[in-house]
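# Coordinate analysis (summary)
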Amino acid sequence: MLRGLEKSWRGPAGPIQAVRGIDVSIARGETVALLGPNGAGKSTTIDMILGLVRPDGGSVSVLGRDPGVAVKEGLVGAMLQTGALIRNLTVRELVSMAAALYPRPLPVDDVIELVGLDEVASQRTQKLSGGETQRVRFAVALVGDPQLLILDEPTVAMDVEGRRAFWQAMRRLASEGRTLMFATHYLDEADANADRAVLLARGVVVADGPTTEIKGKVGTRTIRATLPGVGEAELGALDGVDSVLRHGEAITLVCSDSDRAIRQLLARHEEIRDIEITGAGLEDAFMRLVGDEEIGAGDGELAL
Amino acid sequence: MRQFAYTRFELKRTFRERRLFIFAFGFPLILYYLIAAPNRNVHNYNHSGIALPLYYMCGLASFGTMMAMMSAGFRIAGERQVGWTRQLRITPLSTRSYLRAKVLTAYVMAGCSLGLLYIAGATLGVSIPAGRWIEMTGLIAIGLLPFAALGIALGHLLTIDSTGPATGGIVSLLAFIGGTWFPVTGFLHTVGQYVPSYWLVQAAHIAVGGTGWGTRGWVVIVAWTAVLSAIAAYAFARDTGRV
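Residues numbered from 1 in each chain as written. Chains lettered and ligands numbered in written order. Predicted model: local features only at pLDDT ≥ 70, side-chain atom pairs only at ≥ 80, totals over all residues.

### Quick word on the overall build of chain A
Across its full length, chain A carries twelve helices and 13 strands. Scored against the burial criterion, the 304 residues of chain A give a buried share of 41%. If you take every contact in chain A between residues at least 6 apart in sequence, the share linking residues at least 24 apart comes to 66%. (Helix = DSSP H or I, 4+ residues; strand = E, 2+ residues; numbered from the N terminus. Buried ≥ 20, exposed ≤ 12 C-beta atoms within 10 Å, placed from the backbone. Contact = placed C-beta atoms within 7 Å.)

### Focus on the sheet that holds strand 10 (residues 221-226) of chain A
All names here are of chain A. Taken in spatial order, the four strands of this open sheet run 11-12-10-13, and their pairing is antiparallel. Looking at the sheet topology across the chains shown, the edges are occupied by strand 11 (241-247) and strand 13 (273-279). On average, adjacent strands in this sheet sit at an angle of 15° to one another, irrespective of strand direction. Relative to strand 12 (residues 250-255), strand 11 runs antiparallel, the two being bridged by six bridges. (Pairing = 2+ DSSP bridges. Axes fitted to C-alpha atoms, helices over the stretch in contact; angles between N-to-C directions.)

### A short note on the environment of L227 of chain A
All names here are of chain A. Counting through the fold element by element, L227 comes out in the loop between strand 10 and helix 9 (232-236). For L227, a count of 20 C-beta atoms within 10 Å corresponds to the buried category. Distance from L227 to E249, taken between C-alpha atoms, is 5.6 Å for residues 22 residues apart in sequence. Beyond its immediate chain neighbours, meaning those up to four positions away, L227 contacts E249, I251, H269, E271 and I272.

### Considerations on the interface of chain A and chain B
Counting from both sides, the interface comprises 26 residues of chain A and, opposite them, 20 residues of chain B. Looking at the side of chain A that touches chain B, the elements with two or more residues in it are helix 2 (67-72), strand 5 (76-79) and helix 3 (91-100) of chain A. Here the side of chain A that touches chain B gets four residues from one element, more than from any other, and that element is helix 3 of chain A. Partitioning the side of chain A that touches chain B into residue classes produces 18 nonpolar, five polar and three charged. (Nonpolar A, V, L, I, M, F, W, Y, C, P; charged D, E, K, R; others polar.)

### Comments concerning the sheet that holds strand 3 (residues 31-35) of chain A
Residues and elements named next belong to chain A. Here six strands make up an open sheet; going across it, the order is 5-6-7-3-8-9 and the pairing mixed. This sheet does not close on itself; its edge strands, each paired only once, are strand 5 and strand 9 (204-210). Within this sheet the neighbouring strands show an average axis-to-axis angle of 15°, counted without direction. Of the strand pairs in this sheet, strand 5 and strand 6 (residues 148-152) are connected by four bridges, and their pairing is parallel. Opposite G77, over in strand 6, you have L149 as the bridge partner. Where helix 5 (residues 130-142) meets the sheet, it contacts strand 5 and strand 6, and its direction lies at approximately 170° from that of strand 5.

### Quick word on the domain arrangement of chain A
For chain A, the assigned domains read domain 1 (2-75 + 146-215) and domain 2 (220-279). The C-alpha centroid of domain 2 of chain A is placed 39 Å from the C-alpha centroid of domain 1 of chain A. (Domains from an automatic or database assignment.)

### So, the nonpolar core
Residues L35, V76, V95, A139 and I150 of chain A are the most contacted members of the largest nonpolar core, which totals 79 residues. Of all the elements, helix 3 of chain A adds the most residues to this core, at seven residues. Setting aside residues no more than four positions away along its own chain, I150 of chain A makes contact with I46, I49, L50, V76, A78 and M181 of chain A. M57, A148, I152 and A232 of chain B belong to the second-largest nonpolar core, a separate cluster that totals 60 residues. (Core = buried A, V, L, I, M, F, W, Y, C linked by C-beta atoms within 7 Å.)

### Some words on the packing of helix 3 (residues 52-81) of chain B against helix 10 (residues 196-204) of chain B
All names here are of chain B. Interaxial distance between helix 3 and helix 10 falls to 8 Å at its minimum, and their mutual angle equals 135°. By the angle between their axes, helix 3 is oblique relative to helix 10. The crossing of helix 3 and helix 10 is right-handed. Where helix 3 abuts helix 10, its residues C58, A61, S62 and M66 lie against S197, L200, V201 and A204. (Parallel < 35°, antiparallel > 145°, perpendicular 65-115°, else oblique. Left-handed = near helix turned anticlockwise from the far one by under 90°.)

### Topic: helix 5 (residues 95-123) of chain B
Residues three or four positions apart in an α-helix share a direction because the helix packs 3.6 residues into each turn. With 29 residues, helix 5 of chain B extends 42 Å between its outermost C-alpha atoms, agreeing within 8% with the 42 Å of an ideal straight helix rising 1.5 Å per residue. Positive phi shows up at G125 of chain B, right after helix 5 of chain B, with a value of about 90°. (Expected span 1.5 Å × (residues − 1).)

### A closer look at unusual backbone geometry
Residues and elements named next belong to chain A. The phi dihedral of D145 falls on the positive side, at around 55°, and the residue is not glycine. The residue D145 is located in the loop between helix 5 and strand 6 in this model. Overall, the presence of 19 C-beta atoms within 10 Å leaves D145 in the partly exposed class. Although it is not a glycine, D274 sits at a positive phi angle of roughly 55°. Of note, D274 is situated in strand 13. In this structure D274 comes out as exposed when scored by C-beta crowding, with 10 C-beta atoms within 10 Å.

Dropping the structure here:
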């Protein structure tokens, strides 16, 4: 639960407002994706939820408590964005050490198995690959059996297999009634794994809702079909069609009302074939809501 | 119970670091043998009536333990560097348990360093009455408190790149002023009485007939411990950001 959250950092050219009034309320058991380009305020928001950073304005409440209290009670687990592992412990020892800090930890071996680290459990942490390191960090976040699990860009450095295993574990955690929140650059991950997405840009929430609703917000669908011999002007004049693109015999119509457009198309052009109607992806929604120039400014790290 | 689990893993981790043995334990030992072994038959060093191997065992006992205590700073800076300190902050580990683990680990290191020097001294014929030996060790342990706080403070204030030079520089300076290498006189001696390393050396000199600390010694050690602990606590409290 975030209310009117604000945070500024001192920058070389005066204060930089990282977070400018964020209001978000998350119900228990929800899986929420926090999306946004670099500098949108994702990590700062997470730091405030975890009590690592004190907000300049507004308030944070975690499971009905002050963030510091929730952390002390072991109700919160988190995988922070920056982070490697301390050296000279084996994977099992490190996870055991983390477990020892919590009042009601999960069995260490179960956690190691869940995150897929069985094979490297006896290895020293400094010998692990990037993806394995991420999974150990996931295990550390998880072993305290938190009710709220926060992950800041969890799948960075994981390979395809690692990602698949990671999301599988996440779905299991979600099914156990935990509240999960993750920040990501990968929109397909948010689309596939979150009930809800919160889009941040320039420190404010630009969209908040189920991923399907956010995609719907963009309000466009695309009709693709094969239709020779009909001019772009004629297609563009159809009700519900916003724009037309033709490549040879293939046409692409971006529609504000695809239902009306397709009825007219079928009525007037019997020869139309290979029809495909698709909704906008989260990516389209993201581009539309955040603004293209904003993404361009994200120093190319945004994976769209 | 779980507070001690953290300390236990900290110790395990520390003692697995091989470089630590070379620098924290090996260096004072090598230095000791280099100075004392060729002069093992000097029984009246500098007309003090003290055998040279004993005199330098005391000097290096203060230097080695000081270095061992301050090594807490390197470990902390390293943990901050990889983001581990922030990770610990979002666990229920209390500040008290965290700092206790750091201090205990530093003391175990200092204890090892001291033990090794005692053994090295024995190999060169040094022998001290048991009473003095216990008194000296106890007083050194108390005299190390400010250095535990200083190490922790530096670890939380500096980056991994600057803790090395800072620790090395501070220890060398304090060792010099405190009279670790040779007795200081005049102005330096006056200044020296206000730094904790001087009293650490005085504690070690119990072995050579020193009288330990008077009131001034206790006041200096307690004052430094209080001030440096406050700085360490402040440094730890504000150190929540990304490094």
